[in-house]
Amino acid sequence: QDDVGLSGRVGLMYDLTPWMSPYVNISRSFNPNTAGSSLTYDGHPLDPTTGLQYEAGSKFSFFDKRLLLTMAAYQITKDNVAVNDTDHPGFSLNGGQLRSQGIEFDVLGQITPELQAVGCYAYTDTEVIESNTLPVGAPFADIPLHSGSLWLKYTFQTGWLKNLGLGAGAFACGERSGNNNHTYNVSGYARMDSAIWYSFALPSGQQIKLQVNVFNLLDKTYYESGVAQPGTPLSVMGRASITF
């Protein structure tokens, strides 16, 4: 197998005002399908996936950079996309030409020295443009039209609780197609997570951070994909890190 292609990216950003910077970029991708999961059921490798993306948006900064906003609109077209062969697990199909387009919003706000808010929203419109294996006009499997998240983080700055942090947030996603043939939909869901952390410095100067994350705080049953596999139940993960 001998695959050759050209990829590249070009972009432009302009500081129109001290608080607004619009930008545009165009990129071309080339991805050889060489992994074992990119073989068809009859043993043939798929041709490389190529893509073209257009994006335009703007970055905003308010209140001495305590509020940062980013908004973007994009369109991505890919040819010869490899998709899972649901009739033959472990193999792939040539999905043909697929297109996704939409808008994205991101916000980062330092409400007070202690309180920070982080949020995002995505509207993602997907469609099969040309294909011999997927229904033309159908959306992609497991890609919701609407999704987003919002997190609040509070870090104590003074007193005996200084450097102790608490965080909580929610992730939500809407209904989406459950399989490549768009024969059924998977319901949307909302999930809550939380975290607590504490950081301090050793006498030798190294920074230590201890953190505990709780995923799916309400132990909600939900499905991230159309293969009827539930998402992660209530779970706790601890982490310790040292920075030299």
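Scroll up to find the structure this text is about.
Note that this is a predicted model, so its numbers are computed, not measured. Per-chain numbering applies: the sequence of each chain, read as written, is numbered from 1 onward. Only residues with pLDDT of 70 or above have their local features reported here, since the model is predicted, and side-chain atom pairs are shown and tallied only from 80 upward, although totals for entire chains, interfaces and linings are computed over all residues. Heavy atoms from the whole structure form the basis of all side-chain values; hydrogens and water molecules are not counted.

Description of the pattern of salt bridges
This is how it is decided: Salt bridge, as applied in this entry: a Lys or Arg side-chain nitrogen positioned within 4 Å of an Asp or Glu carboxyl oxygen. Each helix is a run of DSSP H or I of at least 4 residues and each strand a run of E of at least 2, with the numbering of both proceeding from the N terminus. When a residue's accessible area, from a 1.4 Å probe over protein chains only, is under 20% of the maximum for its type it is buried; when over 50% it is exposed; and in between it is partly exposed.
Per the counting criterion, the structure on display carries two salt bridges. In this structure, E127 and R99 form a salt bridge, with 2.8 Å as the shortest nitrogen-oxygen distance. With E127 in strand β8 (residues 115-130) and R99 in strand β7 (residues 97-110), the pair connects residues that are 28 residues apart, well separated along the chain. For E127, a relative accessible area of 26% gives the class partly exposed. Put simply, D193 and R191 hold a salt bridge, and the shortest N to O gap is 3.1 Å. With respect to burial, D193 and R191 carry one shared label: buried.

Here's the deal with the layout of surface pockets
Here is the rule: For each structure, a 1 Å grid was placed over the protein atoms alone; sets of points admitting a 1.4 Å probe that cannot get out are labelled cavities, open sets with protein on both sides within 12 Å along at least five of seven lines are labelled pockets, and lining residues have an atom within 4 Å of a point. Grid points are joined across faces, edges and corners, and a volume is the space filled by probe spheres set on the points. Amino acid classes used here: Ala, Val, Leu, Ile, Met, Phe, Trp, Tyr, Cys and Pro are nonpolar; Asp, Glu, Lys and Arg are charged; the rest, including Gly, are polar.
Taken as a whole, the second largest pocket encloses approximately 170 Å³ of empty space. W19, S21, K59, F60 and S61 are, among the 13 residues lining the second largest pocket, the residues nearest its centre. Elements with a contribution of two residues or more to the lining of the second largest pocket: β2 (20-31), β3 (49-62) and β4 (67-79). In the lining of the second largest pocket, the residues fall into six nonpolar, four polar and three charged.

What to know about the environment of A138
Rule in force here: The criterion used for residue contact is that any of the two residues' heavy atoms lie within 4.5 Å.
Residue placement: A138 occurs in the loop between β8 and β9 (146-155). The spatial distance from the C-alpha of A138 to the C-alpha of T112 is 45 Å, given a sequence separation of 26 residues. Not counting the four nearest positions on each side in its chain, A138 is found in contact with T126, E127, V128 and H182.

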